[in-house]
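Analysis of the macromolecular model
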Amino acid sequence: MVNTFCVTATTAGPDLVLSGINEREANGGAHAFELYGDFPANANVRPVVTCNGKVMPAEMMAPPLRTQINVNVEAMPAGSTCTFFLERLSDGSNSGARSVVTGPIPIQINGMADRGVTGGRRFVELYGSFAHAPSLQARVVCGGRYAGGRVEFASFGQINVSLPDAGPAGACTFVLRQPGTGLASPVFGSAPAATDAALPGFGGYFYGGVPPHPAGSLVRGQAFLDSAGFDTARLVITPRVRSGDPIDNYYNFDLDSLNAACPPTTAFLPCAISRPEYQTVMSPASVRKIVLTAYDSASSGSSGQSADYVDPVFWQNPSNRDAVFREYRDLAYALYETQNDTGKTFVIASWEADNQAYCGSFYDYWTKPGFRTSCGDIPSRDRAIAAITEWFKVRRDGISAGQRLARDAGYGGVTVSDGVEFNMNTLTNIYDVGGTVLRSVLKDVVPSVRPGYVLYSAYDSQNRGRMEQDLREIRDWLGTSSPGAQLAVGEVGFPRHAIDGVDGFRTVETAKAVQRVGLPIAILWEAFDTNSGDRVRPYGLLHATGGARAVMDILRRELQAQATEMATNPSARILAAADRGVTPIGGIDYRFFELYGSFPSGPFTATALCDGTETPIDVVHQSAGQVNVRLRHAGVEQRYCTMRLVRGDGTRSLAFGPVID
């Protein structure tokens, strides 16, 4: 194999020019700006913003135009000096910077007074300017963890907040937010210094998003993730990187060097995995598990532009089957050879197989007649499911053959497994069209393939507020339907968690739900901001320069704290919830939940956090195996809520949720 390190080398695109900035208005928990200039080749352009010297998460509000890009920036105080430039992720082209000083905003905290503790709650007076004061809610983070917070008094110049005592308020940050509109203040207060806590079993999906760098985008980006505490990685390896579209070259590889080492006429995977770029990022001892989103050149073509793996005709040709088999055999062998005695685990997977079998979107096929027409009738999708089943079987058999060859060659001390990723939970939910149930990867592919790992791109459960109990149910089902398969989370995370505190809470609490279930691998979407369809979006846990965003800092502290709590093995445990709907009681709407689990040594009271805000909740029935609660239902907007049960002596259950109100 070639031993020369393939550093990033890209062809520069046309220049970006930023000629003007127009400040618009507060927009939810962000602030809107219009950027003017000349922005060619802009699908892979990201806004870079600093305010008062701090790097700010920013998002494009709409697909970028050649002469105008509208940007949302995390809310900043009035009078902030903000500097903007645009950078193309594929070649590092920079527009040059311009600055503005921001104007007044409707909700801003300017100061606070800690009034001490009364009855176990700390009371804090917040001073500033508070439009919509009577409707504002508080979200408080203390010591990097969600502390709740409820408004006790509100006027246009002062808001008093109380919260469960977590120490002096100087270690807390405060946000005031109006439900419904989402209008929110900038964060007020100082967050604690970032922790270097490890995150066992968790990783950030590295799908690109790091600009060109002499060390290489892949090496630089994965080093950032390693430093963030992740011991698990998910990387992409596909011949699509040489499609000719710069967006597909996720890690900004020097394609001339790659093609010289791995010519298009050779099998891509075993050659590429042996390249120094991949070997370097896999080598740190701190990285224990690596998921590869892998596509073979045998069934996707030398530039990754084909999808023969979902074509039944392709699998009727023995030479096609043999080419796919050999590519995965040699990939597995290369991993054993290069990673001998490292103790690492590799999972060779792919992307969301339900979507692949349904022309890119199972959900659109289920819900949109026009999409179904363009994709094909249901029998055609049945054939695609059958074809992708063959793909996974041949991959599995090739990997098994590579394991045997490696063992015969004396290699070991490393695990290489096959994986199948599904994205629709058809175990719990029925998806039918006109009474015909659609075939799916979980129920129709996995039991036939019996892979080493079953990965769940878990938005179906995340968006239904059923993550924790769905994972338990799927894992139990796999025990009988695909014995030996380990369930893992292949993707999870809310879309705006980098810029929106509400989505940040939802991502953190969903990750905690995965941690409570105890899966071996959990991948968060995503590591850095990348192009998603028509623009770069703010999905990243880290800035492209490696700095942690607020959601990442909170995630680390919350997962570390919950791991400590789980180690005490609390006797009270909520394992599932049933939503019994909203019922008015005495003129107040409540949502009722039945909680199932183990609840010894009661009686219990309950607490709830909904999108980071304390929410009234009462226990209305309890027994050793079931507790019924009612949650105050505001009805202004959908909320994600976590719940705990608390005994009179202060001992409590682990959190459960988030569930949807």
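Scroll up to find the structure.
Residues numbered from 1 in each chain as written. Predicted model: local features only at pLDDT ≥ 70, side-chain atom pairs only at ≥ 80, totals over all residues. Heavy atoms only, no water.

**So, the overall build of the chain**
To keep things clear, this is the line we draw: The secondary structure listing takes helices from DSSP runs of H or I that are at least 4 residues long and strands from runs of E that are at least 2 residues long, numbered from the N terminus. The reference for a compact globule is 2.2 Å times residues^0.38; the radius of gyration itself is calculated from the C-alpha atoms. For the exposure calls, accessible area comes from a 1.4 Å probe over protein chains only, and a residue counts as buried if that area is under 20% of its type's maximum, exposed if over 50%, partly exposed in between. The criterion used for residue contact is that any of the two residues' heavy atoms lie within 4.5 Å. The method behind every accessible area is Shrake-Rupley, applied with a 1.4 Å probe, and residues are considered shielded solely by the protein chains displayed. Just so you know, the count uses Lys and Arg for positive and Asp and Glu for negative, and it drops His and the chain ends. A single reference atom marks each charge: NZ on Lys, CZ on Arg, CG on Asp, CD on Glu.
Helix and strand content of the chain: 17 helices and 36 strands. Radius of gyration (C-alpha) of the chain: 26 Å, near the 26 Å computed for a compact globule of 661 residues. Dimensions of the chain, computed from C-alpha atoms along their principal axes, come out at roughly 75 × 65 × 50 Å. The 661 residues of the chain split such that 56% are buried. Long-range contacts, defined as pairs at least 24 residues apart, comprise 70% of the intrachain contacts of the chain with a sequence gap of at least 6. Accessible surface, the chain as shown: approximately 24,200 Å² in total, 51% of it carbon and sulfur. Within the chain, one finds 58 positive and 65 negative side-chain charges whose respective centroids are separated by 3 Å.

**Comments concerning the pairing of strand β15 (residues 172–177)**
Rules: Two strands qualify as a pair provided DSSP detects at least 2 bridges between them.
β15 sits mainly inside the fold: six of its six residues count as buried. Of the two faces of β15, the one holding Cys 172, Phe 174 and Leu 176 and the one holding Thr 173, Val 175 and Arg 177 are both buried throughout. Where strand β11 (residues 137–142) lies against β15, six bridges are found, and the strand directions are antiparallel. By the bridge assignment, Val 141 is partnered in β15 with Thr 173. In the sheet, β15 pairs with strand β16 (residues 188–189) via two bridges, with the strands oriented antiparallel. From the neighbouring strand, Thr 173 faces β16, where its bridge partner is Gly 189.

**Things to note about the state of the cysteines**
As a reminder of what qualifies: Note that a disulfide, as used here, is simply two cysteine sulfur atoms within 2.5 Å.
Tallying each qualifying case throughout the model produces five disulfides. One disulfide in the model links Cys 51 with Cys 82; its S-S distance is 2.1 Å. With the S-S dihedral at roughly 115°, the linkage between Cys 51 and Cys 82 falls on the right-handed side. Here Cys 82 lies in strand β7 (residues 81–88) and Cys 51 lies in strand β3 (residues 45–51), a separation of 31 residues in the sequence. There is no split in this pair, since Cys 51 and Cys 82 are both buried. Disulfide partner of Cys 142: Cys 172, at an S-S distance of 2.0 Å. Judged by the sign of its S-S torsion, about 105°, the bond between Cys 142 and Cys 172 is right-handed. Highlighted residues: Cys 142 in strand β11 and Cys 172 in strand β15, separated in sequence by 30 residues.

**Comments concerning helix α1 (residues 217–227)**
α1 sits mainly inside the fold: eight of its 11 residues count as buried. Within α1, burial applies to Ser 217, Leu 218, Val 219, Gly 221, Gln 222, Phe 224, Leu 225 and Asp 226. Looking at the buried positions of α1, the neighbouring elements they touch are β17 (202–206), β18 (232–237) and α4 (276–282). Where α1 ends, the next residue or the one after it, Gly 229, has phi of about 110°, a positive value.

**Quick look at the environment of Arg 66**
Put simply, the rule is: Identification of polar contacts relies on pairs of N or O atoms within 3.5 Å, with a donor-acceptor requirement for protein atoms, meaning one able to donate a hydrogen and the other able to accept it, and with residues adjacent in sequence counted only if both atoms are side-chain atoms.
With respect to the helices and strands, Arg 66 occurs in the loop between β5 (58–60) and β6 (68–74). Assessed through its relative accessible area of 48%, Arg 66 is described here as partly exposed. Contact partners of Arg 66, with chain neighbours within four places excluded, come to Gly 37, Asp 38, Phe 39, Pro 40 and Asn 42. A distance of 2.5 Å separates the side chain of Arg 66 from the side chain of Asp 38, its partner in a polar contact.

**Focus on the side chain of Arg 139**
Put simply, the test is: Note on definitions: salt bridges are taken to be side-chain nitrogens of Lys or Arg within 4 Å of carboxyl oxygens of Asp or Glu.
Position of Arg 139 relative to the elements: it lies in strand β11. Lacking a salt bridge, the buried Arg 139 has Asp 500 as its closest oppositely charged neighbour, with an N-O distance of 5.7 Å. The residues contacting Arg 139, other than those within four sequence positions of it, are Tyr 146, Gly 148, Thr 173, Phe 174, Val 175, Arg 177, Gly 501, Val 502, Asp 611, Gly 612 and Thr 613.

**So, the sheet that holds strand β13 (residues 150–154)**
The line we're drawing: Here an angle of 0 to 180 degrees is reported between the N-to-C directions of two axes, which are lines fitted to C-alpha atoms, with helices fitted over the stretch in contact.
Strands sit in the order β9-β10-β14-β13 across an open sheet of four strands; the sheet is antiparallel. Either end of the sheet is taken by a strand with one partner, and the two such strands are β9 (107–118) and β13. Ignoring strand direction, the axes of neighbouring strands in this sheet form an average angle of 25°. Across four bridges, the pairing between β13 and strand β14 (residues 158–164) is antiparallel.

**Considerations on the pairing of β3**
With six of its seven residues buried, β3 lies for the most part within the structure. Direction of pairing for β3 relative to β7: antiparallel, over a ladder of seven bridges. Residue Arg 46 lies in a different strand from β7, and its bridge partner there is Glu 87. Pairing geometry for β3 and strand β4 (residues 54–56), over three bridges, is antiparallel. Paired with Thr 50 across the strands is Val 55, a residue of β4. Counted between consecutive antiparallel strands, the loop separating β3 from β4 contains two residues, among which Asn 52 sits at a positive phi close to 55°.

**Observations regarding the sheet that holds β6**
As summarised here, the arrangement of the four strands in space is β1-β2-β6-β5, forming an open sheet in which the pairing is antiparallel. Each edge of the open sheet carries a strand with a single partner, namely β1 (17–27) and β5. Within the sheet, the average angular offset between the axes of one strand and its neighbour, ignoring direction, is 25°. Here eight bridges tie β1 to strand β2 (residues 30–38), and the two strands are oriented antiparallel to one another. Along β2, the bridge assignment pairs Ala 26 with His 31.

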